[in-house]
Structure formats: C-alpha cells, structure tokens
Amino acid sequence: MPAIGPDEDAFLASHTRVFLLGTRADGSPTGWPMVGLHRDGALEFSTYRRSQKVRDLGRNPVTACVVAPADGTRALAVRGTAEIVAADPGTVAEPAPSDVRVEPEIAARARARMASGQRVVVRVTPTAATWVPGWTAE
Amino acid sequence: MGTRPDITMSPDEVRAFLATQTRAVVVALADGVPVGSVGALALARADEGVDAVDTVDAIEVTLAPDDPLVGLLGADDRVCVIAEEFPDYRSITGVCAHGRAEPVAGRDRPTWRVTLDDTTSFAFAKIPRA
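First, a word on scope: everything that follows refers to the structure included in this document. (Residues numbered from 1 in each chain as written. Chains lettered and ligands numbered in written order. Predicted model: local features only at pLDDT ≥ 70, side-chain atom pairs only at ≥ 80, totals over all residues. Heavy atoms only, no water.)

### Structural notes on the overall build of chain A
At step 1: Per the secondary structure count, chain A includes four helices and seven strands.
At step 2: When its helices and strands are written in sequence order, chain A yields α-β-β-β-β-α-β-β-α-α-β.
At step 3: Looking at chain A as a whole, 47% of its 138 residues qualify as buried.
At step 4: Within chain A, counting contacts between residues at least 6 apart in sequence, those at least 24 apart form 70% of the total.
At step 5: When the accessible surface of chain A is split by element, carbon and sulfur atoms take 53% of a total near 6,500 Å². (Helix = DSSP H or I, 4+ residues; strand = E, 2+ residues; numbered from the N terminus. Buried < 20%, exposed > 50% of the residue type's maximum accessible area, 1.4 Å probe, protein only. Contact = heavy atoms within 4.5 Å. Areas by Shrake-Rupley, 256 points an atom, 1.4 Å probe, with all protein chains shown as cover.)

### Details of the sheet that holds strand 6 (residues 74-85) of chain A
All names here are of chain A.
At step 1: Spatially, the seven strands line up as an open sheet ordered 2-1-5-6-7-4-3, and their pairing is antiparallel. In this open sheet, the two edge strands, each paired with only one partner strand, are strand 2 (29-35) and strand 3 (37-39). On average, adjacent strands in this sheet sit at an angle of 35° to one another, irrespective of strand direction.
At step 2: In the sheet, strand 6 pairs with strand 7 (residues 119-133) via 12 bridges, with the strands oriented antiparallel. Bridge assignment links leucine 76 to a residue of strand 7, and that residue is tryptophan 131. (Pairing = 2+ DSSP bridges. Axes fitted to C-alpha atoms, helices over the stretch in contact; angles between N-to-C directions.)

### Topic: the packing of aromatic side chains
All names here are of chain A.
At step 1: Overall, the coordinates contain four aromatic pairs over all chains when judged by the stated rule.
At step 2: The interplanar angle of 85° and the centroid separation of 4.9 Å between the aromatic rings of phenylalanine 11 and tryptophan 131 together place this pair among those described as edge-to-face. Remark: tryptophan 131 occurs in strand 7 and phenylalanine 11 occurs in helix 1 (residues 6-14); sequence separation between them is 120 residues.
At step 3: Judged by its relative accessible area of 8%, phenylalanine 11 is buried.
At step 4: Residues phenylalanine 19 and tryptophan 135 carry aromatic rings whose centres are separated by 5.7 Å and whose planes lie at 15° to one another, so their mutual orientation is stacked. With a gap of 116 residues between them, phenylalanine 19 in strand 1 (residues 17-23) and tryptophan 135 in the segment after strand 7 connect regions that are remote in the sequence. Neither phenylalanine 19 nor tryptophan 135 differs from the other in exposure class; each is buried. (Phe/Tyr/Trp six-rings, centres within 6.5 Å; stacked < 30°, edge-to-face > 60°.)

### Describing the side chain of A:Asp56
At step 1: Considering the arrangement of structural elements, one finds A:Asp56 in helix 2 (residues 52-59).
At step 2: Sequence-distant contacts of A:Asp56, that is, excluding residues within four places in its chain, are made with A:Thr23, A:Arg24, A:Ala25, A:Thr30 and A:Trp32.

### Considering the sheet that holds strand 5 (residues 93-100) of chain B
Whether parallel or antiparallel, the strands of a sheet pair through hydrogen bonds between backbone atoms.
Residue and element names in this part refer to chain B.
At step 1: The eight strands lie next to each other as 6-7-3-2-1-4-5-8, forming an open sheet whose pairing is antiparallel. What marks the edges here is a single partner per strand, and that holds for strand 6 (102-103) and strand 8 (119-123).
At step 2: Both strand 4 (residues 78-85) and strand 5 contribute to a ladder of eight bridges, which runs antiparallel. Bridge pairing in strand 5 links glutamate 84 to glycine 94.
At step 3: Its contacts with the sheet put helix 1 (residues 11-18) on strand 2 (33-43), strand 3 (58-62), strand 4, strand 5 and strand 8, and the angle it makes with strand 5 is roughly 100°.
At step 4: Lying over the sheet, helix 2 (residues 68-75) contacts strand 1 (23-30), strand 2, strand 4 and strand 7 (111-115), oriented at roughly 55° with respect to strand 1.

### A few points about the environment of A:Met114
At step 1: The residue A:Met114 is located in helix 4 (residues 104-116) in this model.
At step 2: The class for A:Met114 is buried, based on a relative accessible area of 9%.

### Concerning the state of the cysteines
Residues and elements named next belong to chain B.
At step 1: This model, assessed by the stated rule, comprises zero disulfides over all chains.
At step 2: Cysteine 96 takes part in no disulfide bond, and the closest cysteine sulfur, belonging to cysteine 80, lies 3.1 Å away.
At step 3: Here cysteine 96 falls in the buried class, since its relative accessible area comes to 4%. (Disulfide = S-S within 2.5 Å.)

### Some thoughts on the pattern of salt bridges
At step 1: Tallied over the full model, the rule gives 13 salt bridges over all chains.
At step 2: Across the salt bridge formed by A:Arg123 and A:Glu44, the nearest N and O atoms sit 2.8 Å from each other. One end of the pair, A:Arg123, is in strand 7; the other, A:Glu44, is in strand 4 (residues 42-48), with 79 residues separating them in the sequence.
At step 3: With a closest N to O distance of 2.9 Å, B:Arg78 and B:Asp76 form a salt bridge.
At step 4: Its relative accessible area of 22% is what places B:Arg78 among the partly exposed residues.
At step 5: A cluster of three or more residues bridged by salt bridges with shared partners is formed by A:Arg39, A:Glu44 and A:Arg123. (Salt bridge = Lys/Arg side-chain N within 4 Å of Asp/Glu carboxyl O.)

Okay, here's the thing in structure tokens:
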C-alpha cells in the first residue's frame, strides 16, 4: 500500500520548490530550501557531497520536507527517511525540470559535478504526508 | 578544487531581506523528529513604527490555531524559521533562523518571537559570474 495518496503524489510530481528538513548536531531543527524532483516515488535533491546537509542527514536520516510552491494556497508536509546516493548516470544526463529558472550553463555545470562525484543525491522516501497552509494562504 | 565563493549575507542584509518576506517555513520537533509547516513572518519590532529595520534583532512567526506545530512548540521550543525567494537562479536568496520560540502574548493567532543571533543565509547574486 502506498505511503501517500494519489493527490499527494500528483502534488509532489507537479512542484519542485521543497524545503528539506533535518536536525543539527545538537538535535535542534534545521532546513534547506532546495529543488526537489519526484522520481520513482521518492523526492531527490542534488547537493555537494561535503555539504552540511549531507553531514546532518548522514548523522540522522529521519527527515521531513515541506513542498511549498510560491503561488500555492496549500503545501504538503512530508515525513520520510533520507539516504545519500551517488548519481544515477541517467539522472546526470537528463535536464531537471524545475520551478526555478536555471541557465543552461549552470545546469550543465551541476550535472558535470554530479558525474564527477562532487555532488550526490539525497533521496527521501515518503512515509506520510499532511496538507498544511500554503505560501499564499490567508 | 577551487574555493567556493562566500554568498552569506551580512546582518544588515539579512534584516533587509526579512523585511520583504511575509511567509516562512517553520520547523519544530516531534520527539526529536523535524516537522514543518508554513506560517506568517514579520520582523519583531519593539515599538512598531519607531524602530528602524537596522535595529531589529528578532522575527515573529504566526501559525494557524489548529496547526500541529502549535502544540509541538509548546512542548519543545527549539525552532527553525526559513524564508526564501527564488525569482530565478541568480536571485535565489534565503535566511534560516535557529533558536527558541518565545510565545508572544496578546495576538489573535499563536505567535512566537525568534531571535536572529543564529542564522545561516545565502544570496546567489553574490556568486561571481564566469
């Protein structure tokens, strides 16, 4: 049985502005605005292997995300578990659709860094999802 | 490997950016697990209309009364507030404020004050162009 419903699944597939959440070394909450891509039932984030978020999520992979389009009256709070994985060659070659307009040369540079191993993928598998007020909610 | 550019914002830049933001992601803890929601954001001015933006040292976040984070912040006041805008890649700007959520009395909706003494920030406009 899927962890989230079809409405939630469609929302994840339609929006890429995602706040990835975790905990710092002292256990306090933290988060990072990211571009999150919905692939094969998971949310995927590209980041530097040496980034703080990789260290934090490596220490404690229990995570959450808030998918919050800038023009949305609702957002989706997702719970899940993060894993750090090397890039899939197919993913590296494929331009990423995004809510953020990215110049082609910047996207190409990110893909090259992914291919070289400088960047990795944080993959979050949702275990539950809850609707919350969105960016434009009253 | 080259040195990555410093794209953090100064305290003045952080305050100026936050003054333009009205919404933020609020992160609390449920038994140590991060839980997020979206709330209203404002600079915390001790005396509205008198304090200049450059004297502000805290923000206020407001949640809907039925938001699950209301109870969570009552049980554990550790909080993170994230404001961000992304009109395009080179204009991505964000601030993440970490601290303790201090309840603000006398408001229509649940509101907390969070100081700005533990922040991370980024302004992609500071990335040097190739």
